[in-house]
Amino acid sequence: MFKRTGVLTAIGAAAAAVILAAPSAVAAPTSWTISPTGDFEGSAGVTVLTDNNGNKIQCASSEASGNAPTSPVAGSPANLASISDISFNSPCTGPFSSTWTVSATPPWQIWGLDYAAGAGTNSTGQTTGEIRAIKAKVSGNSILGPCTFDVTGKVAAKYNNPSAGGSNGTLSTAGGGLTLTIANKTGGGCGIVGTSASFQGLYTIVNTASGQSPVISG
């Protein structure tokens, strides 16, 4: 099913920079400010779904859209935004020249847990959180036969504020110790598929009306 080699070329360096960014101070805010609020769009290069056996499905690009509610948003953790639509280019690729389709079932939720001022890739603030309520169906066919399975759960995420006045705010999913659940495997090609998975991607987020990336502070 999935590739065991050749991982994350397009997003590897950027995702590594996000993971290694060390906040100078991290606090759990009781109120969050998002500016601007409203509809947003996200675009990513390569995304990778990796199961616990090391197998991979790689999609060359992904697009997302959603809405950030009127701020301030109270609570810690807090639901900062919802993803109303997310798509992955088709076909995605796996091992043995296999091809796959990843179909998401939104809404997904973006939650904020901690905020660090002066952190992140642009040193303008970083929010650590999770993408929750993830649901997707993966289906494909390879020399091993057809396979369909469901992916559900949540993943760790970080949002890096844009540079001042910029449109380069990024939402990354990498690390954090959270795994997605793989279930409802159907077909002979699912024989090597594991029971859990991680998801890696780096999305540039911009507000639909202004073209600028939202700034999140806590």
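Further up the page is the structure itself.
Cut-offs used in this document
Residues numbered from 1 in each chain as written. Predicted model: local features only at pLDDT ≥ 70, side-chain atom pairs only at ≥ 80, totals over all residues. Heavy atoms only, no water. Helix = DSSP H or I, 4+ residues; strand = E, 2+ residues; numbered from the N terminus. Buried < 20%, exposed > 50% of the residue type's maximum accessible area, 1.4 Å probe, protein only. Contact = heavy atoms within 4.5 Å. Areas by Shrake-Rupley, 256 points an atom, 1.4 Å probe, with all protein chains shown as cover. 1 Å grid on protein atoms, 1.4 Å probe; cavity = no way out; pocket = protein on both sides within 12 Å on 5 of 7 lines; lining within 4 Å. Points joined across faces, edges and corners; volume = space filled by probe spheres on them. Nonpolar A, V, L, I, M, F, W, Y, C, P; charged D, E, K, R; others polar. Phe/Tyr/Trp six-rings, centres within 6.5 Å; stacked < 30°, edge-to-face > 60°. Disulfide = S-S within 2.5 Å.

A. Region of interest: the overall build of the protein chain. Helix and strand counts for the protein chain stand at one helix and 16 strands. The buried share of the protein chain, reckoned over its 218 residues, is 44%. Considering only residue pairs separated by 6 or more positions, the protein chain has 70% of its internal contacts joining residues 24 or more positions apart. Carbon together with sulfur atoms contributes 55% to the accessible area of the protein chain, which is approximately 9200 Å² in total.

B. Spatial organisation of the environment of Ser98. Within the element layout of this structure, Ser98 appears in the loop between β8 (92-93) and β9 (99-104). Relative accessible area serves as the criterion here: at 2%, Ser98 is assigned to the buried category. Separated by 45 residues in the primary sequence, Ser98 and Ile143 have C-alpha atoms spaced 7.5 Å apart.

C. View of empty space enclosed by the protein. Taken as a whole, this structure holds three cavities of 30 Å³ or more when the rule is applied. Of the pockets and cavities examined, the largest cavity occupies roughly 200 Å³. Lining the largest cavity are 19 residues, with Ala81, Ile110, Tyr159, Leu171 and Ile216 positioned closest to its centre. Those elements that provide at least two residues to the lining of the largest cavity are β7 (78-88), β10 (108-116), β11 (126-142) and β12 (145-160). Broken down by element, the lining of the largest cavity gets its largest block of residues, four residues, from β11. Size it by volume and the second largest cavity reaches roughly 140 Å³. Around the second largest cavity, the lining comprises 14 residues; the ones closest to its centre are Leu49, Phe88, Val102, Ala136 and Phe199. Those elements that provide at least two residues to the lining of the second largest cavity are β3 (47-51), β4 (56-59) and β11. Classifying every residue of the lining of the second largest cavity gives 13 nonpolar, one polar and no charged.

D. Here's a closer look at the packing of aromatic side chains. As enumerated under the stated definition, the model contains one aromatic pair in all. Arranged with centres 6.0 Å apart and planes meeting at 85°, the rings of Phe88 and Phe199 form a pair that is edge-to-face. A residue pair is termed long-range when its members are at least 10 positions apart, and Phe88 in strand β7 and Phe199 in strand β15 (residues 196-207) qualify at 111 residues.

E. Expanded view of the environment of Ser82. With respect to the helices and strands, the residue Ser82 is situated in strand β7. The exposure class of Ser82 is partly exposed, given its relative accessible area of 28%. When the C-alpha atoms of Ser82 and Arg132 are compared, they prove to be 9.5 Å apart, with 50 residues separating the residues in sequence. In this structure Ser82 touches Phe40, Ser65, Gly66, Asn67 and Trp108, once residues within four positions along its chain are discounted.

F. Main features of the state of the cysteines. Per the stated rule, a full pass over the model turns up two disulfides. Between the sulfur of Cys59 and that of Cys92 lies a disulfide, 2.0 Å long from S to S. Between Cys59 and Cys92 the sulfur-sulfur dihedral comes to about 100°; the bridge is accordingly right-handed. Placement of the pair is Cys59 in strand β4 and Cys92 in strand β8, with a sequence separation of 33 residues. Of the two residues examined, Cys59 and Cys92, each falls in the buried class. Linked covalently through their sulfurs, Cys147 and Cys190 form a disulfide whose S-S length is 1.9 Å. Measuring handedness by torsion sign, the sulfur bridge of Cys147 and Cys190 sits at about 100° and is right-handed. Residue Cys147 is found in strand β12, and its partner Cys190 is found in the loop between β14 (180-186) and β15; the two are separated by 43 residues along the sequence.

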